[in-house]
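# Secondary and tertiary structure notes
Residues per chain are reported as follows:
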Amino acid sequence: DSKNDLNRLREKVGMVFQQFNLFPHMTVLENITLAPRKVKRLSKKETEDIAFTLLKRIGLEDKAYTYPNQLSGGQKQRIAIARALAMSPDVMLFDEPTSALDSLTTNQILDLLWDINQKLRVTIIMITHEIEIVKKICNKVAVIDQTRIVEQGEIGQVLLNPGMEITRQLLQG
């Protein structure tokens, strides 16, 4: 049935939103363990083991019992990434993952995304208007205009030889 198919697909896709969407009344640990416990029905110990492994991977193992309002924007972004990773997704979707971050934190987040892609073999799909981010981390690109993909391909091909005016405008900044 299509509802079950959709739920199975959702389990394979992690989403990280621009505003992080962390639950403010829950600790970092609770934010990360909630979905694996509720959706995958994993035990408290299993989910906490996963969470602490992910917190170590993102360099925030000391923040497990912290609440989101005590974190910086970059820390919140890392926690949102760990929360999505806790479901062991095959694909992660990011909506403007660096839009609210300073340049140092942006580079740290991009390095983390690269690490996730390369070491965990998770496909990353990113929505961004920042062409420098696309150049730094992407190997394929799709240019969307008014909900339509108007150009797509390998990053070098599209950026070095843009076929559409909107792509040329994006490249000019």
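It should be noted that the structure appears before, not after, this text.
In this text, all values refer to a predicted model and were calculated from it rather than measured experimentally. (Residues numbered from 1 in each chain as written. Predicted model: local features only at pLDDT ≥ 70, side-chain atom pairs only at ≥ 80, totals over all residues. Heavy atoms only, no water.)

Turning to the pattern of salt bridges, a few remarks are in order. Scanning all chains against the criterion turns up five salt bridges. Ionic pairing is found between Lys119 and Asp115, a salt bridge with its closest N-O pair at 2.9 Å. Remark: Asp115 and Lys119 occur in helix α5 (residues 103-120); sequence separation between them is four residues, near one turn of the helix. For Lys135, the salt bridge goes to Glu132, with nearest N and O atoms at 3.4 Å. Within this pair, Lys135 and its partner Glu132 are both found in helix α6 (residues 131-137), separated by three residues, close to a single helical turn. Assessed through its relative accessible area of 44%, Lys135 is described here as partly exposed. Its relative accessible area of 53% is what places Glu132 among the exposed residues. A cluster of three or more residues bridged by salt bridges with shared partners is formed by Arg57, Asp115 and Lys119. (Salt bridge = Lys/Arg side-chain N within 4 Å of Asp/Glu carboxyl O. Helix = DSSP H or I, 4+ residues; strand = E, 2+ residues; numbered from the N terminus. Buried < 20%, exposed > 50% of the residue type's maximum accessible area, 1.4 Å probe, protein only.)

So, about unusual backbone geometry. One non-glycine residue, Asn21, lies in the positive phi region at around 55 degrees. Looking at the secondary structure, you find Asn21 in the loop between β1 (13-16) and α2 (28-38). For Asn21, a relative accessible area of 42% gives the class partly exposed. Its identity as a non-glycine residue notwithstanding, Thr147 has a phi of 75 degrees, on the positive side.

To continue, consider the sheet that holds strand β3 (residues 123-127). Strand order in the open sheet made by the three strands is β1-β2-β3, with parallel pairing throughout. One side of each edge strand has no neighbouring strand; the edge strands of this open sheet are β1 and β3. On average, each strand axis in the sheet is tilted by 15 degrees relative to the strand beside it, whichever way the strands run. Strand direction decides the pairing type here: strand β2 (residues 91-95) and β3, joined by five bridges, are parallel. Counterpart to Val91 in the pairing with β3 is Thr123. Running at roughly 60 degrees to β1, helix α1 (residues 2-12) makes contact with β1 and β2 of the sheet. Helix-sheet contacts for α5 involve β2 and β3, and the interaxial angle to β3 is about 145 degrees. (Pairing = 2+ DSSP bridges. Axes fitted to C-alpha atoms, helices over the stretch in contact; angles between N-to-C directions. Contact = heavy atoms within 4.5 Å.)

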